[in-house]
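Here's the letter readout for the chains.
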Amino acid sequence: MVIMLGGEAFTDKNFTNIVSDIALLHSLGVKLVLVHGAKLKLTNFLNTMIVTVPITKAFESRQKSA
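All of these numbers come straight from a predicted model, not from anything done at the bench.

**Some remarks on helix α1 (residues 15–27)**
Okay, so step 1: For α1, which comprises 13 residues, the first-to-last C-alpha distance of 18 Å matches the rise-based estimate of 18 Å (1.5 Å per residue) to within 8%.
Okay, so step 2: Where α1 ends, the next residue or the one after it, Gly29, has phi of about 90°, a positive value.

Put into structure tokens, the structure is as follows:
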């Protein structure tokens, strides 16, 4: 099973529950692949650099703001 865990999950109020659910699946012998993201931190960083991050069909492109 592949679980995509975006960077937003780390700041979510239910993060502890998410981790508990993943741990339960693991303890039941489910083979897991955890794909983590850092989109939230990257977006915040790029915003401080005045860079826009438009999302297009699950792909992101970066453009300097004028």
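**Digging into the confidence of the model for the protein chain**
Okay, so step 1: The predicted model of the protein chain averages 78 in pLDDT, with 77% of residues at 70 or higher.
Okay, so step 2: α1 holds the highest mean pLDDT among the elements of the protein chain, 93, whereas strand β5 (residues 59–60) holds the lowest, 48.

**A look at a nonpolar patch on the surface**
Okay, so step 1: A cluster of nonpolar residues, Val2, Met4, Val33 and Val35, forms a patch on the protein surface that exposes about 380 Å² of accessible area.
Okay, so step 2: Within the residue set of the nonpolar patch, elements represented by two or more residues are β1 (2–5) and β2 (33–36).
Okay, so step 3: In this structure, Val33 sits in strand β2.

Analysis parameters
Residues numbered from 1 in each chain as written. Predicted model: local features only at pLDDT ≥ 70, side-chain atom pairs only at ≥ 80, totals over all residues. Heavy atoms only, no water. Helix = DSSP H or I, 4+ residues; strand = E, 2+ residues; numbered from the N terminus. Expected span 1.5 Å × (residues − 1). pLDDT = per-residue confidence, 0-100. Patch = residues over 30% accessible without salt bridge, like charges linked within 9 Å, V, L, I, M, F, W, Y side chains within 5 Å. Areas by Shrake-Rupley, 256 points an atom, 1.4 Å probe, with all protein chains shown as cover. Salt bridge = Lys/Arg side-chain N within 4 Å of Asp/Glu carboxyl O.

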